[in-house]
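Overview (structure and organization)
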Amino acid sequence: MAVLRLPEPFDFELSTERFRAFGPDLANLWVDGALHRVVGRREVRIEPARGGVRVEPLDAETRPVVLKLLGAEFDLGAFYRWARRDPVLRRLTRELVGFRPPLAPDPFETLIGSITAQQVSMFAAFAIRNRLIERFGRRAEHAYAFPTAKRLRDATQDKLTALGFSGRKAEYVLGLAQEPVDLRELAELPDDEVKRRLVSIRGIGEWTAIWFLARHLARPRAWPIGDLALDKAVRTLYPEAGDPRAFGERFEPFQNLSAHYLLTGLRLQV
DNA sequence: ACCCAGGCATTGG
DNA sequence: CCAATGCATGGG
C-alpha cells in the first residue's frame with residue numbers, strides 16, 4: 001500500500017477543509033472523500049490512512065508535492081506547547097488538533113489565486129478561479145492542472161474579463177504571465193526580500209505578498225496584514241486588541257500558524 | 001435594489 | 001504622507 005506517513009498530529013478532514021469551504025476547487029478537488037490534484041501530467045488521489053495518507057500514485061515526483069499540500073513541514077508540537085500560554089490559542093489548538101494549514105505547492109498558482117481573491121468574497125473568488133482553470137487549465141481525470149504562465153500567455157484582456165475578472169485584474173494576470181522573474185528562486189530569500197520583490201510587480205500588494213510567504217513558502221512569521229477575515233477573527237477572539245497590524249507581534253514566532261488557526265477557528269465556529 | 005466580502009493602483013490633496 | 005475612488009462577482 002502506498003501510504004505516505006505524515007508527522008503527528010494530523011487530521012485529514014480538518015487540513016483539507018479549505019478546499020471545500022468555499023465551494024469546489026477544481027485544482028484541489030474533493031472526490032468521494034479524497035483529495036485529487038494534478039502533479040505533472042498525472043492526477044494524484046490522496047485519501048486518509050492510518051498514520052498519514054494513501055497516495056496514488058506515490059513516487060519521487062508526487063511525494064514532495066503531497067507533503068507540501070498537506071502542510072507536513074509545520075512543527076505543530078512546538079506551536080501547541082507555545083500556544084498554551086495564550087487562552088484563545090490554547091482552546092483553538094485543542095479544538096483543531098491535527099489541523100495542518102494546506103499549502104499551495106506552486107508559486108505562480110499562489111499569486112494568481114490571491115489576485116482573484118483580492119477585495120471580493122471567497123465564494124466569488126473561487127467561482128472566478130474555477131472558470132479560469134476550466135478555460136486555461138488542463139483536465140486530467142477529475143481534477144485540473146492549474147493554468148501555467150505559458151498557457152495564460154494565450155489569454156487576452158477580453159477572455160479574462162469574460163470569466164469575471166475586473167479589467168484591472170485581467171491586466172495583473174496577463175502581466176504576471178509575461179513576468180520574466182523566476183518565482184522559484186524566491187524560496188531562497190529572506191521574508192523581507194521576497195516581499196520587496198513581489199510588491200514591485202504590478203497587482204501584487206502587501207496582502208498578496210504576505211499570503212505568498214504564508215501559504216506557499218510556509219514562513220513561520222508571516223502575518224497577513226490587511227486581511228479582512230483575519231482582522232475580524234482577531235477582533236472577535238481578542239476584543240481587547242488594538243491595531244491588528246501590531247497585534248501580530250503577540251504571536252511571534254508563530255504568526256503563520258496562529259493566523260491559520262484563528263481563521264479556521266472562526267470559520268468552523270469552535 | 002441594495003450591501004459587503006480574506007486589495008490594489010491611481011489620483012488628488 | 002494620507003484620503004478618496006473604481007472595480008466585478010456571489011451571497012445575504
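Presented here is an overview of the structure given in this document. Bear in mind that the values here come from a model prediction, so they are computed numbers and not experimental data. (Residues numbered from 1 in each chain as written. Chains lettered and ligands numbered in written order. Predicted model: local features only at pLDDT ≥ 70, side-chain atom pairs only at ≥ 80, totals over all residues. Heavy atoms only, no water.)

What about the pattern of salt bridges?
Applicable threshold: Between Lys or Arg on one side and Asp or Glu on the other, a salt bridge is scored when a side-chain nitrogen of the former is within 4 Å of a carboxyl oxygen of the latter. Helix and strand definitions follow DSSP, with helices as H or I runs of at least four residues and strands as E runs of at least two, each counted in order from the N terminus. Note on exposure labels: buried denotes an accessible area under 20% of the residue type's maximum, exposed denotes more than 50%, and partly exposed covers the range between, all computed with a 1.4 Å probe on protein chains only.
Enumeration over the complete set of coordinates arrives at 20 salt bridges. The salt bridge involving Arg221 is made with Glu252; its shortest N-O contact spans 2.8 Å. Separated by 31 residues along the polypeptide, Arg221 in the loop between helix H12 (206-216) and helix H13 (228-237) and Glu252 in the loop between helix H14 (244-247) and helix H15 (255-267) bring together distant segments of the chain. Looking at Arg221, the relative accessible area reads 45%, which means it is partly exposed. Among the residues examined, Glu252 registers a relative accessible area of 36% and is labelled partly exposed. The structure contains a network of salt bridges with shared partners spanning Asp25, Arg37, Glu109 and Arg129.

Some words on the protein's contact with DNA strand C
Applied cut-off: Here a residue counts as near a molecule or strand whenever at least one of its heavy atoms sits within 4 Å of it. Counting of polar contacts relies on pairs of N or O atoms within 3.5 Å, with two restrictions inside protein: one atom must be capable of donating a hydrogen and the other of accepting it, and residues adjacent in sequence are counted only when both atoms are side-chain atoms.
The environment of DNA strand C is formed by Gln119, Val120, Phe123, Ala124, Ala127, Ile128, Arg131, Gly164, Phe165, Ser166, Gly167 and Arg168. In DNA strand C, atoms within 4 Å of the protein come from the sugar-phosphate backbone in 74% of cases. Contact between DNA strand C and Gln119: a base nitrogen at 3.0 Å from a side-chain N or O atom of the residue. Within the side chain of Arg131, an N or O atom sits 2.9 Å from a phosphate oxygen of DNA strand C. Breaking the surface near DNA strand C down by element, the ones donating at least two residues are helix H7 (122-136) and helix H10 (167-178). A total of five residues in the surface near DNA strand C trace back to one element, the largest contributor, which is H7.

Considerations on the pairing of strand S3 (residues 34-39)
The following threshold applies: When DSSP locates at least two bridges between a pair of strands, those strands are taken to pair.
Among the six residues of S3, six are classified as buried, and the element is accordingly described as predominantly covered. Alignment of strand S2 (residues 29-31) against S3, held across three bridges, turns out to be antiparallel. Paired with Val31 across the bridge in S3 is Ala34. Linkage of S2 to S3, two consecutive antiparallel strands, is achieved through a turn of two residues, within which Asp32 is found at a positive phi near 50°. Looking at chain direction, S3 and strand S4 (residues 42-49) are connected through five bridges and run antiparallel. By the bridge assignment for S4, Arg37 is matched with Val44.

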